[in-house]
Amino acid sequence: MANKKHHNNQRQRSSPSQASNHSQHRQHSQSDKSQHQSSSAKMPWWRLSLFGIGCTLGTGFFLGTSIAIQKSGYAILLLLLLASIGTYFVFQALAKLTAMEPAKGSFRTYAKLAFGRWAGFGSGWLYWCSEMLILGSSLMALGLFSQLWFPSIPLWMFAAGYAVLGMIVIFFGIKVLEATQSVLAIIKLAALIMFIMIGAAVVFGLFKGASSAISYEQLTQRFFSSGVMGMWKAFIYAFYAFAGIEVMGLMAAELEHPKEASKAGGVMLTTTIVLYLAAIAFVLLWVPLEQLPASESPFISALRHGGMPIIVNVFNGVLIIAGFSSVAASLYAVTIVLVTLAEDGDAPRRLSDQEGKRDFPLSALCVTCAGTIVSIVLAYFIPKRIFEHITTAGGLVLMYTWASVVLSYLKLITLTWWGKTQAIIALLLIGLAVVGTVWDKSSRPGLFVSLLFVAVIGGVTIIMQQRWKRDEAH
């Protein structure tokens, strides 16, 4: 539980410069709250749950789990369960920090409060850079899905079109983003439930012409056939299936009652893990492992295996919806992080200047747009193998962001033994997933690139620290 008194005492023990930073942050936080109250109605917890499903139920699950299945086989079910536990503990940490002090900057603001200005600067820019790189990969994936229907249209045109559509959603503000994510979340949930019903019908012999590939008994016998190393290499991809909770954390500042962020996250994660496990279990019972390529969604592979071309096209549409939903959420996240960096003086102040009644300054939206263009160009022209390493690095940096949430939680809030245990379990599971990439030849370069990202941003942060000290001296 949050201990407000402990938090206030900790601030009193801070150095004068830290106290000044905290005071400035509180002023920003108060202005943020009044701005949000005037610009949009507050959100009930269930709408945050639906928003979270929209952010999380994306290509990381619909497409990325195919890689995890290739590496871990049937043990992907156990990995998804373990990843959901780690994700739940991370979000509980973020929810309790939000209840303690709602902040538009979310995880980067809490890092700043916990460890100082350098942590807020570093975590904010690291997240911004990683998300911009992942955006390029997501937009190109959307283009590939769309080419199934329109093969003659160039890939870059699809990528640019989806980017423009995403920017339009962000331009019209938080209300439009929330409404869009809610509608897309319902569509994705309906499609996943439809697949589970089809899978159950096939496995239980209710569909003519389609049958189960293996029995439940065979599944349990072969469950650990990939071995410990196969599971370890695949663990990071199980975590990617839950990517998006940090965006949900950013939106949690919009809650009518911030203390209900924990409930919203619990409902969202419980819903997703139940559907994840059911859907993947039916895929594994329906289709032989060798017919589940890493380059294709396991759901498309299963429906193709079952001879259902119409439903294949329906699910291709779901993949596009899932991808676009993730893109819109990422555009929101990078823009809001950029604005909060500018408000704290860690980016050009112009990026936080508010024009009219927009939720986001136009200058910040322009920077996000420019970054998206650069990301698309990199995705299109850089050799595929190199860009895959860069986007893998972006995903790993996301895991570092989750770890920073837990560390801030340990620093800022007085915890019971169970709260500390949850935080330690979350850090251990994230650490296991990241270290597992060392043993995977295809993921290892991405790990090294992610560490290079950390080193570069860390170097810039050290330079900025010296500048901040000189400014304080004057």
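Above this note sits the structure.
Here the residue index of a chain counts from 1 through its sequence in written order. Confidence filtering applies because this is a predicted model: local features only for residues at pLDDT of at least 70, side-chain atom pairs given and counted only at 80 or more, and all residues used for totals across whole chains, interfaces and linings. Excluded from the side-chain calculations are hydrogens and water; all other atoms, namely the structure's heavy atoms, are used.

*Asks:* Could you clarify how one ought to interpret the overall build of the protein in this entry?
*Replies:* Helices and strands together make up the secondary structure of the protein, namely 20 helices and zero strands. Three labels apply to residues, based on accessible area from a 1.4 Å probe with only protein chains included: buried if under 20% of the type maximum, exposed if over 50%, partly exposed otherwise in between. Counting every position in the protein, which comprises 474 residues, the buried fraction comes to 57%. Counting only contacts in the protein whose residues sit at least 6 apart along the sequence, the fraction spanning at least 24 positions is 81%. Put simply, DSSP marks the helices as runs of H or I at least four residues long and the strands as runs of E at least two long, and each gets a number from the N terminus on. Any two residues whose heavy atoms approach within 4.5 Å at even a single point are treated as in contact.

*Asks:* Would you mind showing me how to read the environment of Y88 here?
*Replies:* Mapped onto the elements, Y88 comes out in helix α6 (residues 76-100). Given a relative accessible area of 31%, Y88 falls into the partly exposed group. Remark: the alpha-carbon pair of Y88 and I245, spanning 157 residues in sequence, is separated by 9.3 Å. Not counting chain neighbours up to four residues away, the residues in contact with Y88 comprise G266 and L269.

*Asks:* I keep staring at the environment of F145 and nothing clicks. Help me out?
*Replies:* With respect to the helices, strands and loops of the structure, F145 is situated in helix α8 (residues 117-147). Overall, F145 belongs to the buried group, its relative accessible area being 11%. Along the sequence, F145 and L155 sit 10 residues apart, while their C-alpha atoms lie 9.7 Å from each other. In this structure F145 touches T59, L63, N316, L319 and I320, once residues within four positions along its chain are discounted.

*Asks:* In this structure, what is going on with the side chain of K112? I would like to understand it.
*Replies:* Secondary-structure assignment places K112 in helix α7 (residues 107-115). Residue K112 is classed as buried on the basis of its relative accessible area of 5%.

*Asks:* Can you help me understand the nonpolar core in this one?
*Replies:* Note that soluble globular proteins tend to have their nonpolar side chains buried in a common cluster. Buried Ala, Val, Leu, Ile, Met, Phe, Trp, Tyr and Cys residues that are joined via side-chain atoms within 4.5 Å together make up what is termed a nonpolar core. Among the nonpolar cores identified, the biggest contains 156 residues, and F61, F62, F299 and Y332 are the most heavily contacted of them. The greatest single-element share of this core, amounting to 20 residues, is contributed by helix α16 (residues 309-343). Excluding anything up to four places from it in sequence, Y332 contacts I170, I174, L177, V247, L250, M251 and F360.

*Asks:* Looking at this model, I keep getting lost on the packing of helix α10 (residues 174-203) against helix α14 (residues 261-286). Mind explaining?
*Replies:* Packed helices, taken two at a time, are described by the angle their axes make and the gap between the axes. Running from amino to carboxyl end, α10 crosses α14 at an angle of 35°, the nearest separation of the two axes being 9 Å. For the element pair α10 and α14, the recorded crossing hand is left-handed. Across the interface between the two elements, L189, L192, I193, F195, I196, I198, G199, A200, V202 and V203 from α10 touch T271, L275, A278, A279, F282, V283, L285 and W286 from α14. A fitted line through C-alpha atoms represents every axis, and for helices the fit uses only the stretch in contact; the resulting angles, taken between N-to-C directions, go from 0 to 180 degrees. Here is the rule for handedness: rotate from the far helix to the near one, and if that takes an anticlockwise turn smaller than a right angle the crossing is left-handed, while a clockwise turn gives right-handed.

*Asks:* Hey, could you run me through a nonpolar patch on the surface in this one?
*Replies:* For patch detection, residues must exceed 30% relative accessible area and be free of salt bridges, and they are connected within 9 Å for like charges or within 5 Å for nonpolar side chains (Val, Leu, Ile, Met, Phe, Trp, Tyr). Methods summary: accessible areas were calculated by the Shrake-Rupley approach with a probe of 1.4 Å, and residue burial reflects only the protein chains presented. One side-chain nitrogen of Lys or Arg within 4 Å of one carboxyl oxygen of Asp or Glu is enough to make a salt bridge. Side chains of V164, L165, I168, F171, F172, V176 and L362 sit close together on the surface and give an oily, nonpolar patch of about 590 Å² of accessible area. Top contributing element to the nonpolar patch by residue count: helix α9 (residues 155-171), with four residues. Along the chain, L165 turns up in helix α9. Classification of L165 as partly exposed rests on a relative accessible area of 41%.

*Asks:* In this structure, what is going on with the packing of aromatic side chains? I would like to understand it.
*Replies:* Centre distance and the angle of the planes are the two values used to describe a pair of aromatic rings. Whether two aromatic rings pair depends on their centres lying within 6.5 Å, for rings of Phe, Tyr and Trp, where Trp uses its six-membered ring; planes under 30 degrees apart make the pair stacked, over 60 edge-to-face, and the rest tilted. Summed over the entire model, instances satisfying the criterion amount to 23 aromatic pairs. With 5.7 Å between their ring centres and 75° between their planes, W125 and W128 make a pair best called edge-to-face. With W125 and W128 both in helix α8 and three residues apart, the pair spans about one turn of that helix. Ring geometry for F195 versus F315: centroids 5.7 Å apart, planes at 65°, classification edge-to-face. Pair noted here: F195 is in helix α10 and F315 is in helix α16, with a separation of 120 residues, a long-range link. For F195, a relative accessible area of 0% translates into the label buried. Among the aromatic side chains, those forming a connected cluster through ring pairs are F61, F62, F195, F242, Y276, W286, F299 and F315.

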